Structures are given as C-alpha cells and as structure tokens.
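Breakdown of the fold
The lines below spell out each chain.
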Amino acid sequence: VKQSIELIYDNLEVMLLPKLQALRDHGVTEEVLVKLVVTHPKALVHRSTRFDEGLAAMKDFGVSPDSGIFPYAFGVFAKTYQSKWDRRMENYLSLGWTEEQIRRAFTRHPYCMSVSDDKVRQLTRFLSEKLGWDPEYVSSSPTVLSFSYEKRVLPRYKVLDILVSKGVLKKGIRMGHLTMSEKKFAERYVNRYQEVIPQVLEAYGARTSCAVN
C-alpha cells in the first residue's frame, strides 16, 4: 500500500480487478499474480496503455507468464514510463552494450533497468577498467549493477586485489566474489587472512569490522 496509495482510495473493481483477470487470461498463475501485487502494485494502477504494453513486452522478451521472474520483469516495465525506459536503454548502449545484452540482463535481473544512469555508468566503467569485465560478461550476471559501489563493490575489490597481489588468489576476481553473501565473503577472504595480511581488514572498512571480528 505504501508503494501505491491508490489501492486505498481508487475503485478496485474498476481499476484493479480487470487487470488481474487480464493477467490470468495471459497465463499468469495465482502464485505469480500474488507476488506481482505485493511487490509492484503501482504496475497495476498505472495507465492501461502501459499495462497492455507490458504484456506485449513480456511476450517479446520471452518472459513466461508462469515464471518466477515474470512479476519483477512485468512490474518494472509496466511502472516505468516509456521515455525513462528509452533513456535507460540509451545509457547502456552508450557504454558499449548491445540491445541483445540489455534484453538478456533485464530478463535475468529486471531491476537493472531501475538503477540510475549515473550508477550504471560508474559501475560499468569500474568493472571494465579495474576488472576487465565486458558487457557480455556483466549481462550474464547483472545483479552486480544493483550493488552499492561504496559499500560492496569497492571494499570487496580492495580486499581481493590485496589477496591477488600477495599470491593468495591465483585466478583473479570473478563475479562470484561480488555476488556471494556478506557473511560468506567476510569468512572466506577477511577473517581467514586478517592475522597474516592485516591490510584486508582495513580495506574491508570500518563498516563491517564488527561483523568480521
């Protein structure tokens, strides 16, 4: 309700229920439908034209109506104005992505189209310049684009870079290093080496010092 206050004062029989039925007719299961209502209610109270465009877009993207990704993909698309969507697309294209890579990223992690243009540019350039990751690689695991640069990506990069320089890591930094849980990363790369390589604790930052001690 906080996400869409219209659920309180609009006529749900007119505004919401027909759209829910349209989704059912489209093949959306009750489980997926509930997830959509809970996570993206604004997508269901938006303009009817965008709702219809959303159904068409999901078919175009190849997102199955009974898949676990459908409520998130449809929700993000249907509540995003076309002008904003186009701007997001142009931003990725300007960074060397292809339309195919953007589509792949969206169907794997729809929230990559909710990330601000500035943040996408910052992360994409950092991952390219520091790690040598190209759009093809990033689009295969696009959740990284939703991570905080200051609180997650940069601290982990610093820790792993130290371990690589010390010869502890032989294969360099991989996507899994950024996507693993905070607890697992701290245990495997900070706690484990902080006695012999104290720089890793400093690199990880005071933000997580309590968690790793």
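Scroll up to find the structure this text is about.
It should be emphasised that the depicted structure is a prediction, and the values quoted were computed from it without experimental measurement. (Residues numbered from 1 in each chain as written. Predicted model: local features only at pLDDT ≥ 70, side-chain atom pairs only at ≥ 80, totals over all residues. Heavy atoms only, no water.)

We now examine the nonpolar core. One finds L23, M58, F74 and F106 to be the most contacted residues of the largest nonpolar core, which totals 65 residues. For this core, the element with the most residues is helix α12 (residues 149-165), which contributes seven residues. (Core = buried A, V, L, I, M, F, W, Y, C linked by side-chain atoms within 4.5 Å. Buried < 20%, exposed > 50% of the residue type's maximum accessible area, 1.4 Å probe, protein only. Helix = DSSP H or I, 4+ residues; strand = E, 2+ residues; numbered from the N terminus.)

The full count for this structure, using the stated rule, is 13 aromatic pairs. Residues F126 and Y149 carry aromatic rings whose centres are separated by 5.2 Å and whose planes lie at 80° to one another, so their mutual orientation is edge-to-face. Of this pair, F126 sits in helix α10 (residues 117-131) while Y149 sits in helix α12, and the two are 23 residues apart along the sequence. Summarising the burial analysis for this pair, F126 and Y149 share the class buried. (Phe/Tyr/Trp six-rings, centres within 6.5 Å; stacked < 30°, edge-to-face > 60°.)

Time to look at the pattern of salt bridges. Applying the stated criterion to the full structure yields eight salt bridges. Where E136 meets R104, a salt bridge forms, and the shortest distance between an N and an O atom there is 3.3 Å. One end of the pair, E136, is in helix α11 (residues 135-140); the other, R104, is in helix α9 (residues 99-108), and 32 residues separate them in sequence. A relative accessible area of 39% places E136 in the partly exposed class. Classification of R104 by relative accessible area gives buried; the value is 18%. Among the ionic pairs, R121 bridges to D118, the shortest N-O distance being 2.2 Å. (Salt bridge = Lys/Arg side-chain N within 4 Å of Asp/Glu carboxyl O.)

Structurally, the position occupied by T39 is in helix α4 (residues 30-39). In this structure the side chain of T39 is engaged in a polar contact, spanning 2.6 Å, whose partner is the backbone oxygen of K35. With near-sequence residues (within four places) excluded, T39 lies in contact with Q3 and Y72. (Polar contact = N/O pair within 3.5 Å; in protein donor to acceptor, adjacent residues only side chain to side chain. Contact = heavy atoms within 4.5 Å.)

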